[in-house]
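Next come the chains, spelled out residue by residue.
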Amino acid sequence: MCALPIRILIADDHLLLRQGIRNFLSLEPDFMVVGEASDGEEAIVQAQNLSPDIILLDINMPKMNGLEVALKLKELCPEVRVLALTIHDDESYMMKMIQSGAAGYLLKDIDPSVMAQAIRQVHGGESFVEPSMTKKLFKGITNREEAQLAGSHAGAGEPDRLSAREIEVMQLIGRGMSNAEIARELFLSEKTVKNHLTNIFRKIQVTDRTQAVLFAIKHKIVNLD
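No experiment lies behind these values; they were computed from the predicted model shown.

Engineer: What should I look at first to understand the overall build of the protein in this one?
Structural biologist: If you tally the helices and strands in the protein, you get 11 helices and six strands. Relative to its 225 residues, the protein shows a buried fraction of 50%. Surface accessibility of the protein: about 11200 Å² in total, with carbon and sulfur atoms responsible for 51%.

What follows is the structure in structure tokens.
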């Protein structure tokens, strides 16, 4: 039985960009573009009506910006995974989008193959930030932001509860690696990597990879210098 295609909604106020993305995604056999939105309010309506798996969401849009849309979708359509698509490579925008519930962050000048990888990865329950952007994001976290994140985003567990293998997995997450890449690096199956992640999240009391990396940086498990 064939797997169902990944249903994608494109939300951007530039028609030409939406058409270009649609044309590229239509070439991928496992993707289906189910709709487009030209402003934030339309993006929310379309998400509710079309039930996409993924929404490619621009940050700068009329009526409601991407941050507001992501927060609203978190409330109204929590099953929809948000992948931010933007011109902004500033770490403050990345942090705000992540805090708003985005599972990934892409720049508009990326190679289309990276966009396809990100969509599949986010649809599979992972987060996606390009490795260079991951480093910039976490280097840009100020002491004030670290203190703010310590309670709700950086986890409340203790690092000494992690096994040596789990620490290795955490370090590779910090380098922006996907489950498949971690599996190849450590000569494990993807299922084993997922099991390690489940255990890590439980032990350090977080719910996603970004929070896990913040925990790892706070406790000196990951060094992005």
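Engineer: Explain the nonpolar core to me, please; I cannot follow it from the model alone.
Structural biologist: Nonpolar side chains tend to gather and get buried jointly when the protein is soluble and globular. Within the largest apolar cluster, 46 residues are counted, with the highest numbers of intra-cluster contacts made by Leu25, Met97, Met115 and Ile119. Ignoring anything within four residues of it in the chain, the contact list for Met97 reads Leu57, Ile59, Gly66, Leu67, Ala70, Val82, Ala84, Ala102 and Tyr105. Membership of the second largest hydrophobic core comes to 21 residues, among which are Ala183, Leu186, Ile200 and Val206.

Engineer: Help me out: how do you make sense of the sheet that holds strand E4 (residues 81–86) in this one?
Structural biologist: Strand pairing in a sheet takes place through backbone hydrogen bonds and is either antiparallel or parallel in direction. Spatially, the six strands line up as an open sheet ordered E2-E1-E3-E4-E5-E6, and their pairing is parallel. Taken across any chain shown, the strands that pair with only one partner, and hence form the sheet edges, are strand E2 (31–37) and strand E6 (128–129). Note that strand E5 (residues 104–107) and E6 share two bridges and pair parallel. Paired with Gly104 across the two strands is Phe128, which belongs to E6. The strands touched by helix H2 (residues 40–50) are strand E1 (6–11), E2 and strand E3 (54–57); relative to E2, the strand with the most contacts, the crossing angle is about 140 degrees.

Engineer: Help me out: how do you make sense of helix H5 (residues 112–123) in this one?
Structural biologist: Each full turn of the α-helix corresponds to 3.6 residues, which orients residues three or four apart in the same direction. Between its terminal C-alpha atoms H5 stretches 17 Å, which fits the 16 Å expected from 12 residues at 1.5 Å a residue. Those residues of H5 that fall on the buried side of the exposure criterion are Met115, Ala116, Ala118, Ile119, Gln121 and Val122. One or two residues past the end of H5 sits Gly125, with phi positive at roughly 95 degrees.

Engineer: Explain the pairing of E5 here, please?
Structural biologist: Walk down a regular strand and you will see the side chains alternate between the two sheet faces. Covered by surrounding structure in E5 are Gly104 and Leu106 together with Tyr105 and Leu107, the residues of both alternating faces. Taking the sense of rotation as the criterion, the β-α-β connection linking E5, H5 and E6 turns out left-handed.

Engineer: Can you walk me through the packing of helix H8 (residues 164–174) against helix H10 (residues 190–204) in this structure?
Structural biologist: Two quantities define a packed helix pair, namely the angle between the helix axes and the distance between the axes. The N-to-C vectors of H8 and H10 enclose an angle of 95 degrees; their axes lie 10 Å apart at closest approach. On the basis of their axis angle, the class for H8 and H10 is roughly perpendicular. Residues Arg165, Glu166, Val169, Met170 and Ile173 of H8 form the contact with H10, whose own contacting residues are His196, Leu197, Asn199, Ile200, Lys203 and Ile204.

Engineer: What am I meant to see in H2 here?
Structural biologist: Buried within H2 are the following residues: Gly40, Ala43, Ile44, Gln46 and Ala47. For H2, the angular spread of the buried residues around the axis is 165 degrees, confining them to a single face. In the core, the buried residues of H2 are packed alongside E1, E2, E3 and helix H3 (66–76). The backbone nitrogen of Glu41 has a side-chain oxygen 3.1 Å away, supplied by the residue at the start of H2, namely Asp39. Ser51 occupies a position one or two residues after H2 and carries a positive phi of about 50 degrees.

Engineer: What should I look at first to understand the pairing of E3 in this one?
Structural biologist: Burial of the side chains of E3 extends over both faces: Ile54 and Leu56 are buried on one face and Ile55 and Leu57 on the other. Examined bridge by bridge, E1 and E3 share four bridges and lie parallel to one another. Directly across from Ala11, in E3, lies its bridge partner Leu57. As paired elements, E3 and E4 share four bridges and run parallel to each other. Pairing of Ile54 across the sheet is with Arg81, part of E4.

Analysis parameters
- Residues numbered from 1 in each chain as written.
- Predicted model: local features only at pLDDT ≥ 70, side-chain atom pairs only at ≥ 80, totals over all residues.
- Heavy atoms only, no water.
- Helix = DSSP H or I, 4+ residues; strand = E, 2+ residues; numbered from the N terminus.
- Buried < 20%, exposed > 50% of the residue type's maximum accessible area, 1.4 Å probe, protein only.
- Areas by Shrake-Rupley, 256 points an atom, 1.4 Å probe, with all protein chains shown as cover.
- Core = buried A, V, L, I, M, F, W, Y, C linked by side-chain atoms within 4.5 Å.
- Contact = heavy atoms within 4.5 Å.
- Pairing = 2+ DSSP bridges.
- Axes fitted to C-alpha atoms, helices over the stretch in contact; angles between N-to-C directions.
- Expected span 1.5 Å × (residues − 1).
- Right-handed = clockwise from strand over helix to strand, strands pointing away.
- Parallel < 35°, antiparallel > 145°, perpendicular 65-115°, else oblique.
- Arc of directions from axis to C-beta.
- Polar contact = N/O pair within 3.5 Å; in protein donor to acceptor, adjacent residues only side chain to side chain.

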